[in-house]
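Survey of secondary and tertiary structure
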Amino acid sequence: AYCYLGQIEASKGNVAGAKDYYNKGVAADATYAFNYIALGALDLKAGNLKAAEEQFKMAQKVDKKNASVYAAIARAYYEADPVTYVKQMGKNIEKARKTNSKDPDVYILEGDMKANEKDFGGAAGQYELAFTYDGTNEEAYVKYANTYFHVNPEMATQRLEELLSKTPNSALAQ
């Protein structure tokens, strides 16, 4: 919960509040890699590459067999500066694929990257791969629908209905 609370604070621009929540998360559960990744992402945005890399190493140390960890590290580099950190992004995406080639987080990240480049067809394809490998991945379904809605609204609606049939109690699907 601390990681999500930190993300909320970070989205509001409250870096100190976000950092406080991430540190509380580390204190509460030092084996939850995503608090370290979030701290590293804050360091990257502050221009402190060395501190960020230390946080990412901690995340990998506590959860090295999790492709989502590598995908989250790649996302942190991407969100900080995709041009400057292209090498680090690629390396972590590759590690994620090596760890689990069917992890949906890798495909969601690549879909987001394609969407930011206005390659909506490519983005939709990546989101589709994500929910192909994880049939209840709500984020992938919703991003697919949002991306595809202007091209083919019927298909976008179909995908959301498919998600709703699989996860009828999901607020996001509803």
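Let me sum up the structure you'll find in this document. The model shown is predicted, which means the values in this text are computed figures rather than measured ones.

Conventions used here
Residues numbered from 1 in each chain as written. Predicted model: local features only at pLDDT ≥ 70, side-chain atom pairs only at ≥ 80, totals over all residues. Heavy atoms only, no water. Helix = DSSP H or I, 4+ residues; strand = E, 2+ residues; numbered from the N terminus. Buried < 20%, exposed > 50% of the residue type's maximum accessible area, 1.4 Å probe, protein only. Contact = heavy atoms within 4.5 Å. 1 Å grid on protein atoms, 1.4 Å probe; cavity = no way out; pocket = protein on both sides within 12 Å on 5 of 7 lines; lining within 4 Å. Points joined across faces, edges and corners; volume = space filled by probe spheres on them. Nonpolar A, V, L, I, M, F, W, Y, C, P; charged D, E, K, R; others polar. Polar contact = N/O pair within 3.5 Å; in protein donor to acceptor, adjacent residues only side chain to side chain. Phe/Tyr/Trp six-rings, centres within 6.5 Å; stacked < 30°, edge-to-face > 60°. Lys NZ or Arg CZ within 6 Å of the ring centre and 35° of its normal.

A closer look at the side chain of Asp 112
Mapping Asp 112 onto the fold places it in helix 7 (residues 104–116). Residue Asp 112 is classed as buried on the basis of its relative accessible area of 10%. Here Asp 112 is in contact with Arg 75, Tyr 78, Tyr 127 and Lys 143, once residues within four sequence places are set aside.

Some words on the layout of surface pockets
Of the voids in this model, the largest pocket is the one considered here, and its volume is about 840 Å³. Contributing to the lining of the largest pocket are 24 residues, with Gln 7, Phe 34, Ala 72, Arg 75 and Glu 79 lying nearest its centre. Of all the elements in the fold, those that place two or more residues in the lining of the largest pocket are helix 1 (2–11), helix 2 (15–28), helix 3 (33–45), helix 5 (67–80) and helix 7. When its residues are assigned to classes, the lining of the largest pocket shows 16 nonpolar, three polar and five charged.

Looking at helix 9 (residues 138–148)
Buried residues of helix 9: Ala 140, Tyr 141, Val 142, Tyr 144, Ala 145 and Thr 147, and no others. Among the structural elements, helix 7, helix 8 (120–133) and helix 10 (153–166) are those in contact with the buried residues of helix 9. The N-terminus of helix 9 is capped by Asn 137, whose side-chain oxygen sits 3.3 Å from the backbone nitrogen of Glu 139.

Some remarks on the packing of aromatic side chains
The geometry of an aromatic ring pair is captured by the separation of the ring centres together with the interplanar angle, meaning the angle of the planes. Going through the model one piece at a time under the given rule, you end up with eight aromatic pairs. Between Tyr 32 and Phe 34, the ring centres sit 5.4 Å apart and the planes meet at 55°, which makes this aromatic pair tilted. Its relative accessible area of 31% is what places Tyr 32 among the partly exposed residues. Aromatic pair Phe 131 and Tyr 144: ring centres 5.5 Å apart, planes at 80°, arrangement edge-to-face. Here Phe 131, found in helix 8, pairs with Tyr 144, found in helix 9; they are 13 residues apart in sequence, far enough to count as distant. For the pair Phe 131 and Tyr 144, a shared accessibility class is recorded, and that class is buried. It is Arg 159 that lies over the ring of Tyr 144; its NZ or CZ is 5.5 Å from the centre.

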